[in-house]
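The primary structure of each chain is shown beneath.
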Amino acid sequence: MKKYVAMLLALVMVFALCACGSKTDDAGSADADFKVGFICLHDENSTYDKNFIDAAKAACANLGLSEDQYIIKTGIPEGQECYNAAAELVDAGCSVVFADSFGHEDFMIQAAKEFPDVQFCHATGTRAHTEGLSNYHNAFASIYEGRYLAGVAAGLKLNEMIAAGDFTADEAKMGYVGAFTYAEVISGYTAFFLGARSVCPTVTMDVTFTGSWYDEALEKEGANKLIDGGCKLISQHADSMGAPTACETRGIPNVSYNGSTESACPNTFIVSSRIDWTPYYEMVIKAVMDGNTASLESDWTGTLATGSVVLTDVNEKAAAAGTADKIAEVKAALEDGSLHVFDTAVFTVDSKTLDSYMADVDTDANFEGDTEAIADGYFHESEFRSAPYFDLQIDGIQMLDTNFG
């Protein structure tokens with residue numbers, strides 16, 4: 001009898017030990033009262049915000065959170081409304097709050113100072129590494145590498161059209177619809193251009209700006225202006241379907257951003273690059289669930305290796321033959337370090353090769369350069385902070401309007 005009592009007590013002890021310890025069990029499920037909050041500038045009609053929302057839902061599902069354990073607030077402007085949304089999420093019991101737009105930063109920092117027991121994570125921001133708050137973090141990814149790969153696909157398409165006699169090599173001009181003249185946009189379109197020029201050496205590019213992250217009418221107007229100006233292929237850093245649908249209507253190849261537009265633009269969509277935020281969300285949420293917030297970096301950069309920079313499948317109907325294989329080849333070179341997007345040997349500024357450039361990494365009111373960004377023959381983008389700081393105007397790219405800062 002004593003033997004059976006001892007066995008029973010041992011089993012009780014095992015169950016008790018399993019019930020204690022981490023807030024997550026082996027299956028990844030979390031305490032029922034654990035909550036996560038997300039703040040989005042727009043809703044799922046914006047390709048940019050949809051990309052965040054999809055990642056938020058995927059990360060929460062992967063970690064065993066039920067739908068009532070995360071709250072997604074959409075349509076939150078880059079103003080005091082962001083702080084109000086963050087405070088509401090804290091009041092609702094959220095232990096970690098994410099925001100997705102550059103202009104949310106001031107208000108996320110305000111909330112982090114107000115609620116020191118909650119972790120606040122901001123995508124695309126620049127100040128976490130200088131603010132010194134243990135509960136405020138920035139994150140971005142080396143999306144310039146994804147843009148470069150998408151540019152390779154664009155250059156191959158231009159080559160195909162040149163070979164078909166659609167236009168001559170010296171007429172190989174692309175267009176790019178940008179939102180603002182921020183470093184994030186400049187870094188992206190420069191990487192895209194350099195990717196295209198790596199396979200189509202005569203290419204040039206015109207860039208127009210809308211002054212808005214999301215304005216379908218202006219983005220469509222911008223794309224049409226570029227097409228009327230002789231651009232043979234269009235890409236974008238803006239968040240609506242304006243540019244892709246303009247391209248589909250006029251039969252102009254398009255490289256989109258933040259997700260495939262193939263269903264709406266089956267004849268012109270080639271490929272799209274995007275940041276997959278799922279790995280970052282999972283890492284942060286799990287750290288908070290496990291009480292391991294000390295492991296969180298103030299400034300985190302996702303990469304091709306972390307699965308944070310991804311491309312859609314190539315649309316074989318619109319892309320040049322061999323595009324997928326070429327992308328795989330170039331991606332491997334980026335990953336092993338034998339290729340650098342901003343290799344100073346492949347671009348010039350005012351006809352000069354650069355061997356030095358002071359980048360504005362520690363953001364201040366005057367946007368003064370403070371960090372040497374060129375070493376070992378290339379510009380080190382997203383290494384000194386996650387958000388891009390490449391803001392050089394290189395030869396071969398013409399900015400059509402610069403009144404949007």
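Everything quoted here is computed from the prediction, not taken from an experiment. (Residues numbered from 1 in each chain as written. Predicted model: local features only at pLDDT ≥ 70, side-chain atom pairs only at ≥ 80, totals over all residues. Heavy atoms only, no water.)

### Observations concerning helix 7 (residues 183-197)
And step 1. For helix 7, which comprises 15 residues, the first-to-last C-alpha distance of 21 Å matches the rise-based estimate of 21 Å (1.5 Å per residue) to within 8%.
And step 2. Burial within helix 7 is extensive, with 14 of its 15 residues counted as buried. (Helix = DSSP H or I, 4+ residues; strand = E, 2+ residues; numbered from the N terminus. Expected span 1.5 Å × (residues − 1). Buried < 20%, exposed > 50% of the residue type's maximum accessible area, 1.4 Å probe, protein only.)

### Re the side chain of Asn 315
And step 1. Note that Asn 315 resides in the loop between strand 12 (309-311) and helix 11 (323-336).
And step 2. A residue is classified by how much of its surface remains accessible, and Asn 315, at 3% relative accessible area, is buried.
And step 3. Here the side chain of Asn 315 touches Phe 269 through a polar contact of 2.7 Å, landing on its backbone oxygen.
And step 4. Setting aside chain neighbours within four positions, we find Asn 315 in contact with Glu 262, Pro 266, Phe 269 and Ile 270. (Polar contact = N/O pair within 3.5 Å; in protein donor to acceptor, adjacent residues only side chain to side chain. Contact = heavy atoms within 4.5 Å.)

### Details of the state of the cysteines
Any covalent bond linking the sulfur atoms of two cysteines counts as a disulfide.
And step 1. Under the defined criterion, the tally for this structure stands at zero disulfides.
And step 2. With no disulfide of its own, Cys 82 lies closest to Cys 40 among cysteine sulfurs, the gap being 11 Å.
And step 3. Given a relative accessible area of 0%, Cys 82 falls into the buried group.
And step 4. Take Cys 231: it sits in no disulfide, and the sulfur closest to it among the cysteines is that of Cys 247, at 9.8 Å. (Disulfide = S-S within 2.5 Å.)

### Observations concerning the sheet that holds strand 7 (residues 204-209)
And step 1. With mixed pairing, seven strands are arranged side by side in an open sheet as 12-10-9-8-6-7-17. Two strands bound the open sheet, and with one partner strand each, they are strand 12 and strand 17 (397-399). This sheet shows a mean twist of 20° between the axes of neighbouring strands, independent of strand direction.
And step 2. With three bridges joining them, strand 7 and strand 17 adopt parallel strand pairing. (Pairing = 2+ DSSP bridges. Axes fitted to C-alpha atoms, helices over the stretch in contact; angles between N-to-C directions.)

### Focus on helix 8 (residues 216-228)
And step 1. In a regular helix each residue adds 1.5 Å, so 13 residues correspond to 18 Å; helix 8 covers 18 Å between its end C-alpha atoms and thus fits that length.
And step 2. Listed as buried for helix 8 are Glu 219, Gly 222, Ala 223, Leu 226 and Ile 227. Angularly, the buried residues of helix 8 cover 135° about the axis, an arc narrow enough to put them on a single face. Seen from the buried face of helix 8, the exposed residues on the opposite side, beyond 90 degrees, are Ala 217, Glu 221 and Asp 228.
And step 3. The elements touched by buried residues of helix 8 are strand 6 (173-178), strand 7, strand 8 (233-237) and helix 9 (242-250). (Arc of directions from axis to C-beta.)

### Quick look at the side chain of Ser 386
And step 1. The residue Ser 386 is located in the loop between strand 16 (378-379) and strand 17 in this model.
And step 2. Of note is the side chain of Ser 386, whose polar atom sits 2.3 Å from the side chain of Asp 299.
And step 3. If we ignore the near neighbours within four places in the chain, the residues touching Ser 386 are Asn 138, Ala 139, Phe 140, Asp 299, Trp 300 and Thr 301.

### Remarks on the sheet that holds strand 4 (residues 119-123)
And step 1. Read from one edge to the other, the open sheet built from six strands follows the order 2-1-3-4-5-11, with strand pairing classed as parallel. One side of each edge strand has no neighbouring strand; the edge strands of this open sheet are strand 2 (70-73) and strand 11 (299-302). Between one strand axis and the next, the sheet turns by 20° as a mean value, whatever way the strands run.
And step 2. Summarising the sheet, strand 1 (residues 35-39) and strand 2 pair through four bridges and their orientation is parallel.

### Digging into the pairing of strand 10 (residues 269-275)
And step 1. The buried fraction of strand 10 is high, at six of seven residues.
And step 2. Here strand 9 (residues 254-257) pairs with strand 10 via three bridges, running parallel. By the bridge assignment, Asn 254 is partnered in strand 10 with Phe 269.
And step 3. As paired elements, strand 10 and strand 12 share three bridges and run antiparallel to each other. From the neighbouring strand, Ile 275 faces strand 12, where its bridge partner is Val 309.

Honestly, that's just the spatial picture; any functional story needs more than this.
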